[in-house]
Amino acid sequence: MLINKIFDTAIIGGGIAGTSLLFTLSKYTDINSIIIFEKYNETSKLNSNPKANSQTLHVGDIETNYTYEKAQKVKRASSMVSNYIYNFRQLNKVGFVRNKMVLAVGADEIEELKKRYEEFKTLYPYLELWDEEKLMQIEPKLMEDREEPILAMGAIGQITTVDFKKLSESFTQEAINTDKNIQIRYNEEVLKIERNSDKSYTITSDTSSFTANSVVVNAGSYSLLFAQEMGYGKDLAILPIGGSFFFTKEKLLNSKVYTMQNPKLPFAAIHADPDVTQNWNTRFGPTAFALPKLERYHKLHLKDLFNALNIDKDATEVYLNLFRDSTIRKYILRNMLEELPLVGKEVFIKDAQKIIPSIKASDIEYAEGYGGMRPQIIDKKKHELMLGEAKLEEDGIIFNMTPSPGATSSLYIAMQDSIEICKYLGKNFNKKLHHKEIESLKTPKLFHLLSPKGQLGTSY
């Protein structure tokens, strides 16, 4: 087994989290040598792939499950991604401008949305309330066969859609373009991480072994498995949640259309998205259901699954509490039915009709090969799901698990981790340059404009 020289930092995982950290360390620190491991043959094969997510830049403006406090944090984090897209000239390559809105259906939701608008309009001054007449101009399909009253809170001229795989590729290329010693190990699966007596770490893969003075693990569900193998995070477990989508057979909407979140449900409410991988055809979803896998559409390793579930009395109590709640129980069972052949779309169409009342089951088809895993972390001590970011930091090693919203927050998390790694190694983080290129926006010469139909006009 070949043992290479020591690296300053090793990154485990080449998705959006791992590549954003690679970019940040290479561009904004004086760390000189970085190695990144990705067990597949390219970046972002799993959850960062556009087929596995809704391609949404979550800003907190139309996500009604966010409190004002969380929205403030998400707004700052997401602005780093949009700033990167503008400042590194990735508009219409990585990030795209579309209309977006959250739709309230019925008197109760309308009243709730009006209150939310009054609370959030200072945080997002570009938000507008769109009545039925305005919606008829912007998205007439929302009004077809509509019986209940509706109101939307929406925005025009914002980056709403991001191909996070292309963003990962852009991050990687920017890192390679620096004068740092960057090693990218594709098709190399890390099997073990061990701490050495000199406080460095040995990373053993299926083909070789490397040494690093610091390590950041951005490996989805496997981040927790690596942590627990090293004695950390024993009080945590994973509830693997899968999600699927349905395509319409023709393009029905130009806008991202979210729906009001049921506060009792921990999973995202249904939304409709113009899909960047399908010529902006409309994609509905996601469903949410427990799935005994850690990676969608990839080989199942039973040992890893059992270790991740970490089932004992405390974990079982969390599962029972979820199913004791009738709203959550019905939601989970309904979503399981939506995965069944033949009957699945007949069940799902009822949810889709909240957005487009005239849509029929024959108008949609299961999005084969689309969907991913969203592992939820269970805190066994508190007997609850951790719906936000889960992170473990110990002695120069960081484990990141299921941050929410993960891809949107990638550059913000990378900044935090870079600062911590620099402190540990005695290195420097170039805050001034980072602020200039990532935390602030250079005003484009020509702002993109949207017509009422949501078509892109001009771009800078």
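Everything numeric in this text was worked out from a predicted model, so none of it was measured. (Residues numbered from 1 in each chain as written. Predicted model: local features only at pLDDT ≥ 70, side-chain atom pairs only at ≥ 80, totals over all residues. Heavy atoms only, no water.)

1. Remarks on the overall build of the chain
The test is simple: For the purposes of this entry, the term helix denotes a DSSP run of H or I that reaches at least four residues, the term strand denotes a run of E that reaches at least two, and both are numbered from the N terminus. The atom set for the radius of gyration is the C-alpha atoms, and the globule formula is 2.2 Å times the number of residues raised to the power 0.38. Accessibility here uses a 1.4 Å probe with only protein chains present; expressed as a share of the type maximum, an area under 20% marks a residue as buried, one over 50% as exposed, and anything in between as partly exposed. Residues count as neighbours in contact if any of their non-hydrogen atoms are within 4.5 Å of one another. Under the convention used here, a 1.4 Å probe and the Shrake-Rupley method define accessible areas, while residue burial counts only the protein chains that appear. As used throughout, the charge tally considers Lys and Arg to be positive and Asp and Glu to be negative, leaving His and the chain termini uncounted. We put the charge of a Lys on NZ, of an Arg on CZ, of an Asp on CG and of a Glu on CD.
Of the regular secondary structure elements, the chain holds 12 helices and 22 strands. Taking 23 Å as the expected radius of gyration for a compact globule of 460 residues, we find that the chain reaches 22 Å, a close match to that expectation. Across its three principal axes, the chain shows a C-alpha extent of roughly 70 × 55 × 35 Å. The buried share among the 460 residues of the chain stands at 57%. Partitioning the intrachain contacts of the chain with sequence separation of at least 6 by distance along the chain shows that 75% fall at a separation of at least 24. Surface accessibility of the chain: about 19900 Å² in total, with carbon and sulfur atoms responsible for 51%. Averaging the locations of the 59 positively and 59 negatively charged side chains of the chain gives two centres separated by 3 Å.

2. Considerations on the sheet that holds strand β11 (residues 241–243)
Backbone-to-backbone hydrogen bonds pair the strands of a sheet. The strands run either parallel or antiparallel. To keep it simple, the criterion reads: Strands pair, by our definition, only if DSSP identifies at least two bridges between them.
Read from one edge to the other, the open sheet built from 3 strands follows the order β16-β11-β18, with strand pairing classed as antiparallel. Lying at the two open borders of the sheet, with one neighbouring strand each, are β16 (289–290) and β18 (372–373). In the sheet, β11 pairs with β16 via 2 bridges, with the strands oriented antiparallel. By the bridge assignment, G242 is partnered in β16 with F289.

3. A look at the environment of M153
Mapping M153 onto the fold places it in strand β5 (residues 150–162). A relative accessible area of 0% means that M153 is categorised as buried. Placed 40 residues apart in sequence, M153 and L113 show a C-alpha to C-alpha distance of 7.4 Å.

4. Notes on unusual backbone geometry
Residues G285 and P286 are joined by a peptide bond in cis, for which omega reads -5 degrees. Its identity as a non-glycine residue notwithstanding, N279 has a phi of 55 degrees, on the positive side. Along the polypeptide, N279 turns up in the loop between β14 (271–275) and β15 (281–285). The class of N279 is exposed, set by a relative accessible area of 66%.

5. Considerations on the packing of helix α2 (residues 68–87) against helix α12 (residues 431–439)
As a reminder of what qualifies: Note on method: axes are straight lines fitted to C-alpha atoms, helices fitted across the in-contact stretch only, with angles between N-to-C directions ranging 0 to 180 degrees. Each angle gets one of four labels, with under 35 degrees taken as roughly parallel, over 145 as roughly antiparallel, 65 to 115 as roughly perpendicular, and the rest as oblique. Note on residue categories: nonpolar means Ala, Val, Leu, Ile, Met, Phe, Trp, Tyr, Cys or Pro, charged means Asp, Glu, Lys or Arg, and polar means any other residue, Gly included.
Relative orientation of the contacting elements α2 and α12 amounts to 80 degrees, with a least axis distance of 8 Å. As the angle between them shows, α2 and α12 are arranged roughly perpendicular. Of α12, the residues touching α2 (which contributes R76, S79, M80, N83, Y84 and N87) are K431, H434, K436, E437, I438 and E439. Among the residues forming the contact of α2 with α12, the class breakdown is 3 nonpolar, 4 polar and 5 charged.

6. Regarding the packing of aromatic side chains
Aromatic ring pairs are described here by two measures, namely the spacing of the ring centres and the angle between the planes. Formally: When two rings of Phe, Tyr or Trp (its six-membered ring) have centres within 6.5 Å they constitute a pair, described as stacked for plane angles under 30 degrees, edge-to-face for angles over 60, and tilted for the intermediate range. As a reminder, the over-ring test applies to NZ of lysine and CZ of arginine, requiring each to be within 6 Å of the ring centre and within 35 degrees of the ring normal.
Applying the stated criterion across every chain, the model contains 15 aromatic pairs. Arranged with centres 5.7 Å apart and planes meeting at 80 degrees, the rings of F23 and F88 form a pair that is edge-to-face. Of the two residues, F23 sits in helix α1 (residues 16–28) while F88 sits in the loop between α2 and β3 (95–105), which places them 65 residues apart along the sequence. Ring centres of Y84 and F88 lie 4.5 Å apart, and the angle between their planes is 20 degrees; on these two criteria the pair is classed as stacked. There is no split in this pair, since Y84 and F88 are both buried. These aromatic residues form a ring-pair network of at least three members: F23, Y28, Y84, F88 and F171. Directly above the aromatic system of Y222 lies the positively charged group of K39, at a separation of 4.4 Å from the ring centroid. Geometry around F245 places R283 over its ring, the cationic atom sitting 4.3 Å from the centre.

7. Let's talk about the confidence of the model for the chain
Inclusion rule: The score called pLDDT rates the predictor's confidence residue by residue, from a low of 0 to a high of 100.
The predicted model of the chain averages 88 in pLDDT, with 90% of residues at 70 or higher. Per-residue pLDDT, averaged within each element of the chain, yields its smallest value for helix α7 (residues 302–309) (66) and its largest for strand β4 (residues 128–130) (98). Ignoring residues within four places in sequence, the model shows residues 445–460, a span with pLDDT below 50, making 44 contacts including any to other chains.

8. Overview of the pairing of β15
The buried fraction of β15 is high, at 5 of 5 residues. Side chains N281, R283 and G285 of β15 all project onto a buried face; the interleaved residues T282 and F284 project onto the opposite face, where all are buried too. Sheet topology note: the strand β12 (residues 246–248)/β15 ladder contains 2 bridges and is antiparallel. In the strand pairing of β15, F247 is matched with R283.

9. Some details on the pattern of salt bridges
To keep it simple, the criterion reads: By salt bridge we mean one thing: a side-chain nitrogen of Lys or Arg within 4 Å of a carboxyl oxygen of Asp or Glu.
Going through the model one piece at a time under the given rule, you end up with 18 salt bridges. Residue K360 pairs with D363 through a salt bridge whose shortest N-O separation is 3.8 Å. The salt bridge involving E439 is made with K431; its shortest N-O contact spans 3.1 Å. Overall, the relative accessible area of 19% leaves E439 in the buried class. Given a relative accessible area of 39%, K431 falls into the partly exposed group. Bridged by salt links that share partners, the residues E42, K165 and E169 form one connected network.

10. A few points about the nonpolar core
Burial of nonpolar side chains together is a common tendency in soluble globular proteins. How we decide: Remark: nonpolar core denotes a set of buried residues (Ala, Val, Leu, Ile, Met, Phe, Trp, Tyr, Cys) joined through side-chain atoms within 4.5 Å.
Within the largest apolar cluster, 55 residues are counted, with the highest numbers of intra-cluster contacts made by F23, Y84, I159, V162, L167, L411 and I438. Going through the elements one at a time, α1, β2 (33–38), α2, β3, α3 (107–120), β5, α5 (164–176) and α11 (410–425) are the ones with two or more residues in this core. Per element, the largest residue contribution to this core is 7 residues, and it comes from α2. Setting aside chain neighbours within four positions, we find I159 in contact with L57, S82, I85, Y86, L91, G95, F96 and V97. Core analysis: the second largest hydrophobic core is formed by 29 residues, I193, A212, A390 and L392 among them.

11. Quick notes on the side chain of R116
Among the structural elements, R116 can be located in helix α3. Here R116 sits buried without a salt bridge, and the closest side chain of opposite charge, E119, lies 5.5 Å off (N-O distance). Discounting chain neighbours no more than four positions away, the residues touching R116 are G60, E63, T64, Y66 and M153.

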